[in-house]
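# Understanding the architecture of this molecule
Below are the chains, spelled out letter by letter.
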Amino acid sequence: MRAYNVAVLGATGAVGQELMDILLERKFPIKSLKLLASARSAGKVMEVGGERLVVEEAAPESFAGVDLAFFMAGGAVSERFAQAARDHGAVVIDNSSAFRLDEDVPLVVPEVNGDDLEKHQGLIANPNCSTTIAVIALAPLHAAAGIKRVVVSTYQA
């Protein structure tokens, strides 16, 4: 199985840390892991899977040699670094709202429309957390019986 050079932008935040836990839990084939964050977090040492890694300040050149870049740092950061990561050959999986409405960027929930991954041009968006959870439940209901309308209210900090 191929192993990947992975970068996590926003590694010191709660979402970035949760992503790394999931990658380890699911035994995602990681060849190398690069932790990226703001200048404020640069130099921080984090333990990931029993390995101590130093957080680097994100810069356009941070993505050299990266295969997959998970962006977990917010829209402005994604907009700032997505093209640089793609220029270095990385596939960006963006968790922010920056590219969700871009017609050229597939908005993917793998359990629902994983085939759309084939359309990516180095950048993949995902919906926000409450939408992802909802569509995973709604997709099979829609396929079985058809759904005309859903009213959802979420309250998030």
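Residues numbered from 1 in each chain as written. Predicted model: local features only at pLDDT ≥ 70, side-chain atom pairs only at ≥ 80, totals over all residues. Heavy atoms only, no water.

Quick look at the overall build of the protein chain now. Each helix and strand in the protein chain was counted, giving 4 helices and 8 strands. Each helix (α) and strand (β) of the protein chain, taken in turn from the N terminus, gives the series β-α-β-β-β-β-β-α-β-α-β-α. Expressed along its principal axes, the backbone C-alpha trace of the protein chain runs to roughly 50 × 35 × 30 Å. Counting across all 157 residues of the protein chain, residues that qualify as buried make up 36%. Within the protein chain, counting contacts between residues at least 6 apart in sequence, those at least 24 apart form 52% of the total. (Helix = DSSP H or I, 4+ residues; strand = E, 2+ residues; numbered from the N terminus. Buried < 20%, exposed > 50% of the residue type's maximum accessible area, 1.4 Å probe, protein only. Contact = heavy atoms within 4.5 Å.)

Let us now look at the layout of surface pockets. Here the largest pocket defines a volume of roughly 1,200 Å³. Lining the largest pocket are 33 residues, and of these Leu19, Phe70, Met72, Ile93 and Asn126 sit closest to its centre. Elements represented by at least two residues in the lining of the largest pocket include exactly helix H1 (14-25), strand S6 (68-71), strand S7 (91-94), helix H3 (110-113), strand S8 (123-125) and helix H4 (129-145). With 5 residues, H1 is the single largest residue contributor to the lining of the largest pocket. Class assignment for the residues of the lining of the largest pocket results in 22 nonpolar, 7 polar and 4 charged. (1 Å grid on protein atoms, 1.4 Å probe; cavity = no way out; pocket = protein on both sides within 12 Å on 5 of 7 lines; lining within 4 Å. Points joined across faces, edges and corners; volume = space filled by probe spheres on them. Nonpolar A, V, L, I, M, F, W, Y, C, P; charged D, E, K, R; others polar.)

Turning next to the packing of aromatic side chains. Enumeration over the complete set of coordinates arrives at 3 aromatic pairs. A centroid spacing of 6.2 Å and a plane angle of 50° characterise the contact between Phe63 and Phe81, whose relative ring orientation is tilted. Taken as a pair, Phe63 in the loop between strand S5 (56-57) and S6 and Phe81 in helix H2 (residues 75-87) lie far apart in primary sequence, 18 residues in all. Residue Phe63 is classed as buried on the basis of its relative accessible area of 0%. For Phe81, a relative accessible area of 3% puts it in the buried group. (Phe/Tyr/Trp six-rings, centres within 6.5 Å; stacked < 30°, edge-to-face > 60°.)

Here we take up the pattern of salt bridges. In the structure shown here, the tally under the stated rule is 2 salt bridges. We note a salt bridge from Arg2 to Asp67, for which the minimum N-O separation is 3.4 Å. Of this pair, Arg2 sits in the segment before strand S1 (4-9) while Asp67 is found in the loop between S5 and S6, placing the two residues 65 residues apart along the sequence. A salt bridge links Lys119 to Asp116; its shortest N-O distance comes to 3.2 Å. (Salt bridge = Lys/Arg side-chain N within 4 Å of Asp/Glu carboxyl O.)

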